[in-house]
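Residues per chain are reported as follows:
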Amino acid sequence: MKQIAVIGAGTMGNGIAHVFAQSGFRVNLVDISEKALEKGVQTIEKNLDRMLAKERISAQDKESTLQNLSTFTDMSAGVEKADLVVEAATENTELKLQIFSNLDTLCPKDCILATNTSSISITQIAAATSRPEQVIGMHFMNPVPIMKLVEIIRGYSTSDEVTNRIMELSRKLGKTPTEVNDYPGFVANRILMPMINEAMETLFHGVAGVAEIDTVMKLGMAHPMGPLQLADFIGLDVCLSILNVMFDGFKDPKYAPCPLLVNMVAAGKLGVKTGEGFYDYSGSSKAEKVAAQFSE
């Protein structure tokens, strides 16, 4: 594999493009928005500058990484010569199905199609193509340049050859690939999201405040980040989407999203990306007041 295409220039997409480009692959970063592409490349540059300042990379490493990147608003042009496409669009089932249907038409016949979905069925996504044996999940963790884990998810028809190639490719990126099977939430979010949801329920029922809940989990359970802060970092809309996928998939009430989460997403309080969630990232008082308002 030499030519990689990444679909989506958002937080996950630009991070995935970064690690591939830094590892010497030619990367086409594709997004329908020119503004999103500009922002994505700026984010990659900032992250490279941070690594350079910490002497983790050289100035030449930074330059070669950026030279490996190209941007496209035309999906057809961006994927026409790809050996691997990694889709990192919004966590929306219908959107992903449409993207994969298009990719199946536009990509070379031997191209592997991967999705960075954090919860949606790989089998369902693969069914939108004529090459289900070449469709696989590559669930990177955020922030992609730092986090080592990649969940490799096999769909019902994913071939052994494709799985082995993607496992080896992930190692070439300096990641630790872990193979899992295709069930809602896979492993990471099947365990993580109920914990985050329970932290929200704990807040919703007035057991403790935002800072107190996060402090208990950080100091008592040795978590580097409290669950509510982590939810803000992930994006509350993403958390809600994942919980809904698991609730729909398992029909088990333990995956039902907390009403507080539903209300905060409806209010547009999505966490870091909107400047306010359980915490306030605009420099004012903490967003715990918002949570308290919804729970009354």
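Residues numbered from 1 in each chain as written. Predicted model: local features only at pLDDT ≥ 70, side-chain atom pairs only at ≥ 80, totals over all residues. Heavy atoms only, no water.

Engineer: Explanation requested: the domain arrangement of the chain in the structure shown.
Structural biologist: The figure often quoted for interface size is the accessible area lost as the parts come together. Splitting the chain by domain gives domain 1 (3-181) and domain 2 (189-291). For domain 1 versus domain 2, the separation of C-alpha centres amounts to 27 Å. The partner domain 2 presents 5 residues to the 7 residues of domain 1 that form the contact. Taken over both partners, the interface formed by domain 1 and domain 2 buries close to 520 Å², and the fraction arising from carbon and sulfur atoms is 55%. Our count for the domain 1 to domain 2 interface comes out at 0 salt bridges. Inspection of the domain 1/domain 2 interface yields 2 residue pairs in polar contact (both at pLDDT 80 or more). Counted by class, the side of domain 1 that touches domain 2 contains 2 nonpolar, 4 polar and 1 charged residues. (Domains from an automatic or database assignment. Contact = heavy atoms within 4.5 Å. Buried area = accessible area lost by both parts, 1.4 Å probe. Salt bridge = Lys/Arg side-chain N within 4 Å of Asp/Glu carboxyl O. Polar contact = N/O pair within 3.5 Å; in protein donor to acceptor, adjacent residues only side chain to side chain. Nonpolar A, V, L, I, M, F, W, Y, C, P; charged D, E, K, R; others polar.)

Engineer: How should the side chain of Arg154 be read in this particular structure?
Structural biologist: On the secondary structure map, Arg154 appears in strand β7 (residues 149-154). Classification of Arg154 as buried rests on a relative accessible area of 19%. Within the structure, Arg154 has its side chain in polar contact with the side chain of Asp160 (distance 2.6 Å). With residues near it in sequence (within four places) discarded, Arg154 still touches Ser159, Asp160, Thr163, Glu179, Val180, Asn181 and Asp182. (Helix = DSSP H or I, 4+ residues; strand = E, 2+ residues; numbered from the N terminus. Buried < 20%, exposed > 50% of the residue type's maximum accessible area, 1.4 Å probe, protein only.)

Engineer: What is the right way to read the confidence of the model for the chain from this model?
Structural biologist: Any segment with low pLDDT has predicted coordinates that should not be analysed in fine detail. A residue-level look at the chain finds 95% of positions with pLDDT of 70 or above and a mean pLDDT of 94. For residues 284-296, every residue scores under 50 in pLDDT, and the model assigns this stretch 26 contacts once sequence neighbours within four places are set aside. (pLDDT = per-residue confidence, 0-100.)

Engineer: What should I look at first to understand helix α12 (residues 259-266) in this one?
Structural biologist: Every α-helix carries 3.6 residues per turn, so stepping three or four residues along brings you back to the same face. All of the buried residues in α12 are Leu260, Leu261 and Met264. Along α12, the residues classed as buried sweep out an arc of 100° about the axis, all on the same side. The positive-phi residue at the C-terminal boundary of α12 is Gly268, with phi of around 80°. (Arc of directions from axis to C-beta.)

Engineer: Looking at this model, I keep getting lost on the UniProt feature "domain: 3-hydroxyacyl-CoA dehydrogenase C-terminal" (unreviewed entry) in the chain. Mind explaining?
Structural biologist: When the UniProt feature table is mapped to this numbering, "domain: 3-hydroxyacyl-CoA dehydrogenase C-terminal" (unreviewed entry) covers residues 185-281. Structurally, residues 185-281 comprises 62% helix and 0% strand, and the distance from its first C-alpha atom to its last is 28 Å. (UniProt positions renumbered as here; feature names shortened; annotations may be inferred.)

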